[in-house]
Amino acid sequence: MKTKEKRPKFLSNLRSISKRKLSGDLSFKMFVTLIACNIFIVLGLMFFQIIQNSWLSIQTYGIGFLVGKTWQPFPPSSSSLPSFGALPLIWGTLVTSAIALVLGVPVSLGISLALSEFSPKRFSYFISFFVELLAAIPSVIYGLWGIFVLIPFLQANVYPYLQAVLGFLPIFQGTIRGPSVLTGGIILAIMIIPTVSAIARDVFAAVPNSQREAAIALGATRWEKAKVVMSYGRSGVIGAIMLGLGRAMGETMAITMVIGNSFNLFSSFLEPGSTLASIIANEFTEASSPPVYISALMEVGLILLALAIAVNGLARLIIWRSTRKVREVGLV
Amino acid sequence: MISLAYLALVAALIPLASILVETIFRGLSAMSFSFFLEEISPLGEPGGGIGPAIQGTLIVVALASSIGVPIGVFSGIYLAEFRQARMASVARFLNDVLTNVPSIVLGIFGWTFVVVAIGWSVVAGAIALAIMMIPIITRTTEEAIRLVPATMREAAIALGVPRWKTTLTVVLSSAKKGIATGILLSVARISGETAPLLLTILGSRFWFSGFTQPTAALPVAVFNFSQSPYRLIDWPRAWGASLILIFIILAINIIVRYATREKYGASNI
């Protein structure tokens, strides 16, 4: 109802003007609608193709695929069948994404507060330009940097001290290796910072000034004012974090290059591991012989696709709902 | 607490600075005239260049753009012009979801869709990359068109111009800067994509030999060199290829973002 009031009705009036114009409009509408259908077709076809190609593995391993702990495309004896289970991969994806969020989110929120609340406009424009450049760097270059710069640095300067201080925790025990789950998490943290901070900054910028003025009128300090802004934009921030989570889960190249790629239900973050995405990047082109091998990798892709769509869909929904409040009042 | 926020800012800029400095210095050591022009020698074999990878990236990105740009722009027009249609809001939501589908999954999709039929090929890579760029272009085109003042549209309609003509001339030409921004940023984005290419164009050491053949690409070359055990020969080549790649991508980004400042929703990409 609302949208009808907002927009002039010249469109429906056109109908009476001339039939020729109407048919032009109609065919134009049909043309662009048809092209816009690519969105449905691509998504539908993607699901169909990936499900169809992983069907063999779904049928062979059933639900056991999700909880299985072995990955043996080429079994040691010729009599036994290849076996696949994705639990260590799911575990790897969840742990690296969680590390990325724990490390990346506070930094991102700090950045977006610094840019939207504490800095002069000019400075924050200038800096957000650089933060956005971080998002433009290809993932394979993050990976290269991870292998040759970050890993040697962490191995020499961070992990020994980490283990000395927090070594009593099981997650920091064991031999220190450069390529590890923790390294993967750290690289993901760096990669999600631009995504999360850009959206959180927009969310904070959409907080109405009356909130800030009210806080200042009550005698709030600059930090307390920022807290008011954060709590007002809470749900938008949650959406931003989930979008970051989606990015972390789907990230492929950088993590493939630094996680060590061992199929391993790790308990220490200093062990190497694998994620859903990294095993596909690593093994797909070589997985030709048993058809079930390709199919199993497809099913891994299917799990990844489902996870990514669930997380991102939820994130978009949250962001959409949190900004709708602001949109309806007409402040944006 | 405020100083902590600034500390976070500095912490985020350190990796950026480190990546740029390391890539430039380590990459420059691999640069030579022949590095740009020669075929890629096998891993561990000195000499050779990166020529086919540069060529391959240009060809794949150009082909992907020629598929993706028209589809993306027209889908964006649909979302902006018919935004009240129920299908439009569903399409907008799914488009956002599609933007965030992991790139490796697009690679798998390209594989099932094209590689199975015609083998590892330029076409497969281009289709995977086109699917990646379409949602980005759709989104930025929609946003650019929405920024066109309603008065422009009304003026054209008052002059008796049919609506479709208004859209294709008046509206598109006032939104062209924003649309171009989206296109260029999506080109920059797909130029650096590795995961989908790994599963579709496979990589090669030789010059382009047809659209249905595997080809080389810069990001794939970076990955392959980085996995090599020959540190003295291949690692500098990885950095050299990275330097070329990062130069192309950052040049597009800096020029586009500088030229358009903060007008368009570039931060959402």
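Residues numbered from 1 in each chain as written. Chains lettered and ligands numbered in written order. Predicted model: local features only at pLDDT ≥ 70, side-chain atom pairs only at ≥ 80, totals over all residues. Heavy atoms only, no water.

### Structural notes on the packing of aromatic side chains
Quick note on the threshold: Each Phe, Tyr or Trp ring (for Trp, its six-membered ring) is paired with any other whose centre lies within 6.5 Å, and the angle between the two planes then decides the class: stacked below 30 degrees, edge-to-face above 60, tilted in between. Elements are defined by DSSP. Helices are runs of H or I of four residues or more, strands are runs of E of two residues or more, and each kind is numbered from the N terminus. Type-normalised accessible area, obtained with a 1.4 Å probe on protein chains alone, sets the label of each residue: buried when under 20%, exposed when over 50%, and partly exposed for intermediate values. Only when the NZ of Lys or the CZ of Arg is both within 6 Å of the ring centre and within 35 degrees of the ring normal is a charge said to sit over the ring.
Across all of its chains, the model carries 19 aromatic pairs over all chains by this definition. Ring centres 5.2 Å apart and planes at 20 degrees place the aromatic pair phenylalanine 109 of chain B and phenylalanine 113 of chain B in the stacked group. Here phenylalanine 109 of chain B and its partner phenylalanine 113 of chain B are both found in helix α5 (residues 103–118), 4 residues apart, which amounts to about one turn of the helix. Take phenylalanine 113 of chain B: its relative accessible area is 36%, and that puts it in the partly exposed class. Three or more aromatic residues joined by ring pairs make a cluster, and in this case those are Tyr61, Phe65, Trp71, Phe74, Phe84, Phe263 and Tyr293 of chain A. Positioned over the ring face of phenylalanine 82 of chain B is arginine 163 of chain B, at 5.5 Å from the centre of the ring.

### A word on the side chain of serine 65 of chain B
All names here are of chain B. Applied cut-off: Nitrogen and oxygen atoms within 3.5 Å of one another constitute a polar contact, given that in protein one can donate a hydrogen and the other can accept it, and given that sequence-neighbouring residues count only through two side-chain atoms. By definition, residues are in contact when any of their heavy atoms lie within 4.5 Å.
With respect to the helices and strands, serine 65 occurs in helix α3 (residues 51–81). Of note is the side chain of serine 65, whose polar atom sits 2.6 Å from the backbone oxygen of valine 61. When sequence neighbours within four positions are dropped, the list of residues in contact with serine 65 reads Pro70, Met133 and Val187.

### Topic: helix α11 (residues 218–226) of chain B
Of all the 9 residues making up α11 of chain B, 8 are buried; the element is thus mostly covered by neighbouring parts of the structure. If you check which residues of α11 of chain B are buried, you get Leu218, Pro219, Val220, Ala221, Val222, Phe223, Phe225 and Ser226 of chain B. For α11 of chain B, the secondary structure elements touched by its buried residues are α8 (139–166) and α13 (253–258) of chain A together with α3, α9 (176–191), α10 (195–200) and α12 (231–260) of chain B.

### Describing the side chain of serine 18 of chain B
Checked against the element boundaries, serine 18 of chain B lands in helix α1 (residues 2–28). If sequence neighbours within four positions are ignored, serine 18 of chain B has contacts with Trp145 and Val149 of chain A.

Scope: geometric values only; no functional claims are made or implied.
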